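Residues per chain, in single letters:
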Amino acid sequence: MGVGSGRLYAAVAAGGFRRYATYRAATAAGVFTNTVFGLILVYTYLALWEERPHLGGYDQAQAVTFVWLGQALLAALAIGGGGMENELMERIRTGDIAVDLYRPADLQLWWLAADVGRAVFQLLGRGVVPFVFGALLFPVALPREVSAWALFLVAVALAMLVGFALRYLVALSAFWLMDGTGVAHMAWIAGLFCSGMLLPLNVFPGALGEVVRVLPWSSLLQGPADVLLGEADPVGVFVFQASWAVALLALGRLVQSVATRRVVVQGG
Amino acid sequence: MTDGDGAAAGGAAFIELDGVEKVFDVRRKTGFLKRERREVRAVDGLSFTVARGEMVGYIGPNGAGKSTTIKMLTGILTPSGGRLRVAGIDPSRERTRLAHRIGVVFGQRTTLWWDLPLIDSYRLMHRMYRIPDARYRENLDRCVELLQLAELLEVPVRQLSLGQRMRGDIAAALLHDPDVLYLDEPTIGLDVVSKAKVRGFLRDVNAERGTTVLLTTHDLQDIEQLCSRVMVIDHGRLMYDGPLAGLHEVGESERTLVVDLERELPPVEAPAPARVVRVEGPRQWLAFPASASAAGLVAAIAARYPLVDLSVREPDIEAVIAKMYAERASA
Ligand SMILES: Nc1ncnc2c1ncn2[C@@H]1O[C@H](COP(=O)(O)OP(=O)(O)OP(=O)(O)O)[C@@H](O)[C@H]1O
Ligand SMILES: [Mg+2]
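Residues numbered from 1 in each chain as written. Chains lettered and ligands numbered in written order. Predicted model: local features only at pLDDT ≥ 70, side-chain atom pairs only at ≥ 80, totals over all residues. Heavy atoms only, no water.

Visitor: Can you lay out the packing of helix H4 (residues 118–128) of chain B against helix H6 (residues 162–174) of chain B for me, pointing to particular residues and giving the numbers?
Guide: Residues and elements named next belong to chain B. Where H4 meets H6, the axes come as close as 10 Å, and the angle between the chain directions of the two elements is 15°. With respect to H6, the element H4 is oriented roughly parallel. The chirality of how H4 crosses H6 is right-handed. Contacts between H4 and H6 involve Leu 118, Tyr 122 and Met 125 from the former and Gly 168, Ala 171 and Ala 172 from the latter. Across the contact of H4 with H6, the residue classes tally to 5 nonpolar, 1 polar and no charged. (Axes fitted to C-alpha atoms, helices over the stretch in contact; angles between N-to-C directions. Helix = DSSP H or I, 4+ residues; strand = E, 2+ residues; numbered from the N terminus. Parallel < 35°, antiparallel > 145°, perpendicular 65-115°, else oblique. Left-handed = near helix turned anticlockwise from the far one by under 90°. Contact = heavy atoms within 4.5 Å. Nonpolar A, V, L, I, M, F, W, Y, C, P; charged D, E, K, R; others polar.)

Below you can see the structure in the form of structure tokens.
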């Protein structure tokens, strides 16, 4: 991959960013939803941690921080849907994917770039406001050192890669299933549960906890949260996330090459 | 760089098909858990060549296999059999390498970025095809001028009308100076003015750049105005390949000679195979083979009858083709 393709995918990412930036009303509605969701979860957590202090090793402020982090990352990582997968599945179903395939660009890199552009927009456009709102109104546990925030951003970037890789696989299923919405819904539910969006993963007891903590979804929210809260060794988290990213992206490439070779492009 | 291997691979035949087949496996549910497998031979032993710089019409009834052929020529579908080369490249094997040499417009689809201004899509093409800056600007200016896109560049694609979008798509397919342009129904849904603009532009591109053009359409005027050669396919097989005028012979079509005589007369006795098909007062209609000359017929009539005026009507190409499609369907 040369400088030329670097510029191409940078342009694709910039386009992805601007596309979402054009929908201001949707962004405002999203900010409102994330804030309301955050409030509901915060009061639930406060009640829970009142009853069971230090549940999962978090104190109350850490639990509250976790909630607002989740709301800040929910749209960016498209954990509950809303990423590129809907569009890609629709393109496969209608045959518009043909257009993407006869171009001199790599399908996976193209969609990754577009999704990163979207994710960065949503992190800024939809994530920051609920997070600041939560941090001002509730007791939170945030680091003061810039380095901790830098490490957190690295974890978020890796989470974007893992999140994309998972959703890309989901979208490619449309090549075989035609209608991939069922798979997509299952993936979103799995994502909400297994990323820690509903409850931090370190709260889950026994074998269930062991399992969800090694699944790729824990890279999405649990990983970055533990880095920010200082609850995990950042390098360990990065290695865990990067391993899943590499494995899932490689699997995506494999599936993509099978799909585009064997499977038929729809429509006249 | 692309020009170099083009010359090596080029020669006479730029697009080359030899016994190409495409079979789709269609599974249909026939009952609970029961599925029936059926084969659809969309393209069935197709062979033809297109030389560099040719502009060829590719027509046939719905479901004939036109779009399937074009998809194979772009490399997004792999043929089930036969041999296919474009600029010496096997499209499905080297899709990305071929992509730099071809431009594609699928009338029903768009390559443009739906939510963003038209110009953003062009900037992306600039990067994607690695078009040298000067070349990009030159080509863009030209397309903007000839396709009248100046006012549209800052408009998000989703706000363009169909005709505007199509013009935008055609420009997008040509910014990288492709050697060959595949057009799958580029005038579908366009009004008369837009069609004229698109046709004029395509004619220029072909004449000035020597771009090879393969054009699929249901609008025979596209073919009449643009293509010296037409291929007709049906059920995935080539039915006709030659000049558009030649279709008349294949279709056994007839021209009509309309004569105005001085007064009402019984049907004129014309040399066979010409014959009178209609009489209305002093005006008579004679049908004769499209391949035969009208001059002899006119002379024969003028010698024996008081001729005042005459006109020759060309056969309607639409009617010829409709007849041809109908015959194949019943065959
Ligand atoms: N993805 C597919 N799966 C199964 N059959 C297909 C598929 N695509 C095309 N076909 C079949 O192949 C045949 C040729 O289709 P194609 O789209 O090439 O026709 P066409 O000549 O472009 O027709 P039209 O003028 O309607 O666009 C049709 O019988 C069609 O049903
Ligand atoms: Mg078609």
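Visitor: Any chance you could break down the domain arrangement of chain B for me, citing the residues and the numbers?
Guide: Split into domains, chain B comes out as domain 1 (2–250) and domain 2 (254–314). With centres defined by C-alpha atoms, the gap from domain 1 of chain B to domain 2 of chain B works out at 44 Å. (Domains from an automatic or database assignment.)

Visitor: An account of a nonpolar patch on the surface is requested, with residue identities and associated values reported.
Guide: All names here are of chain A. A cluster of nonpolar side chains, namely Val 120, Leu 124, Val 128, Val 132, Phe 133, Leu 136 and Leu 137, defines an oily patch on the protein surface of about 620 Å² accessible area. Turning to its location among the elements, Leu 137 is positioned in helix H6 (residues 107–137). You can call Leu 137 exposed: its relative accessible area is 56%. (Patch = residues over 30% accessible without salt bridge, like charges linked within 9 Å, V, L, I, M, F, W, Y side chains within 5 Å. Areas by Shrake-Rupley, 256 points an atom, 1.4 Å probe, with all protein chains shown as cover. Salt bridge = Lys/Arg side-chain N within 4 Å of Asp/Glu carboxyl O. Buried < 20%, exposed > 50% of the residue type's maximum accessible area, 1.4 Å probe, protein only.)

Visitor: Any details on the sheet that holds strand E4 (residues 81–86) of chain B? Residues and values, ideally.
Guide: Note: strands within a sheet are paired through backbone hydrogen bonds, in either parallel or antiparallel orientation. Residues and elements named next belong to chain B. The antiparallel open sheet is built from 3 strands, whose spatial order is E2-E1-E4. Both outer strands of the open sheet, strand E2 (34–51) and E4, are each paired with one neighbouring strand and no more. Looking at each pair of strands side by side, their axes are set apart by 30° on average, direction ignored. Summarising the sheet, strand E1 (residues 13–31) and E2 pair through 15 bridges and their orientation is antiparallel. Bridged to Asp 25 within E2 is Glu 39. Contacting E1, E2 and E4, helix H2 (residues 66–74) runs over the sheet at an angle of about 120° to E1. (Pairing = 2+ DSSP bridges.)

Visitor: Now, about the nonpolar core: what can you tell me, with residues and values included?
Guide: One finds Trp110(A), Ile15(B), Leu118(B), Tyr122(B), Ile170(B) and Tyr182(B) to be the most contacted residues of the largest nonpolar core, which totals 154 residues. With 13 residues, the single largest contributor to this core is helix H7 (residues 146–172) of chain A. Non-local contacts of Trp110(A), meaning those with residues more than four positions away in its chain, are made with Leu8(A), Tyr9(A), Val12(A), Arg103(A), Ala105(A), Leu124(B) and Met128(B). Within the second largest apolar cluster, 12 residues are counted, among which are Val268(B), Ala294(B), Val298(B) and Ile301(B). (Core = buried A, V, L, I, M, F, W, Y, C linked by side-chain atoms within 4.5 Å.)

Visitor: Can you lay out the UniProt feature "transmembrane region" (unreviewed entry) in chain A for me, pointing to particular residues and giving the numbers?
Guide: All names here are of chain A. This chain's UniProt record puts "transmembrane region" (unreviewed entry) on residues 25–46, 66–84, 123–142, 148–170, 182–201 and 235–255. In the segment residues 25–46, helix accounts for 100% and strand for 0%; the C-alpha atoms at its two ends are 32 Å apart. Between the C-alpha atoms that bound residues 66–84 the distance is 26 Å, and the span itself is 47% helix and 0% strand. (UniProt positions renumbered as here; feature names shortened; annotations may be inferred.)

Visitor: Go over the side chain of Asp106(A), please, and point to the residues and values.
Guide: Relative to the helices and strands, Asp106(A) is located in the loop between helix H5 (97–101) and H6. Residue contacts for Asp106(A): discarding those within four places in its chain leaves Tyr9(A), Arg253(A) and Gln256(A).

Visitor: Quick rundown of the sheet that holds strand E8 (residues 229–234) of chain B? Include the residues and the values.
Guide: Residues and elements named next belong to chain B. Strand order in this open sheet of 6 strands is E5-E6-E7-E3-E8-E9, and the pairing throughout is mixed. Edge positions in the open sheet fall to strand E5 (102–106) and strand E9 (237–242), since each of these has one partner strand only. Here the strands of the sheet are splayed against their neighbours by 15° on average, with no regard to which way each runs. By the bridge criterion, 4 bridges tie strand E3 (residues 55–59) to E8 in an arrangement that is parallel. Paired with Ile 59 across the two strands is Val 232, which belongs to E8. Lying on the sheet, H6 is in contact with E5 and strand E6 (180–184); it crosses E5 at an angle near 165°. Most of the contacts of helix H7 (residues 192–209) go to E3, to which it runs at about 135°, and overall it touches E3, E6 and strand E7 (212–216).

Visitor: Residues and numbers for H2(B), please.
Guide: All names here are of chain B. Within H2, 9 of the 9 residues are buried, which leaves it mostly tucked inside the rest of the structure. For H2, the set of buried residues is Lys 66, Ser 67, Thr 68, Thr 69, Ile 70, Lys 71, Met 72, Leu 73 and Thr 74. Following H2 by one or two positions, Gly 75 has its phi on the positive side, about 95°.

Visitor: How would you sum up the side chain of Asp115(B)? Please name residues and give values.
Guide: With respect to the helices and strands, the residue Asp115(B) is situated in the loop between E5 and H4. A distance of 3.3 Å separates polar atoms of two side chains, one belonging to Asp115(B) and the other to Arg158(B). (Polar contact = N/O pair within 3.5 Å; in protein donor to acceptor, adjacent residues only side chain to side chain.)

Visitor: Can you lay out the pattern of salt bridges for me, pointing to particular residues and giving the numbers?
Guide: Residues and elements named next belong to chain A. Under the counting rule described, the total for this entry stands at 33 salt bridges over all chains. Note that Asp 100 is salt-bridged to Arg 91, the shortest N-O span being 3.0 Å. Residue Arg 91 is classed as buried on the basis of its relative accessible area, which comes to 17%. Close ionic contact of Glu 210 with Arg 213 constitutes a salt bridge, the shortest N to O distance being 3.9 Å. Here Glu 210 pairs with Arg 213, and both are found in helix H10 (residues 206–214), just 3 residues apart, close to one helical turn.

Visitor: How would you explain the interface of chain B and chain A if you had to name every residue and give the values?
Guide: Across the boundary between the two partners, chain B contributes 29 residues, which contact 31 residues of chain A. Summed over both sides, the interface of chain B with chain A buries roughly 2700 Å², with 58% coming from carbon and sulfur. Taken as a group, Arg109(B), Arg127(B) and Met128(B) account for 24% of the area that chain B buries against chain A, more than any other trio of residues on that side. Summed over the shared surface of chain B and chain A, the number is 3 salt bridges. Put simply, Arg19(A) and Asp115(B) hold a salt bridge, and the shortest N to O gap is 3.0 Å. (Buried area = accessible area lost by both parts, 1.4 Å probe.)

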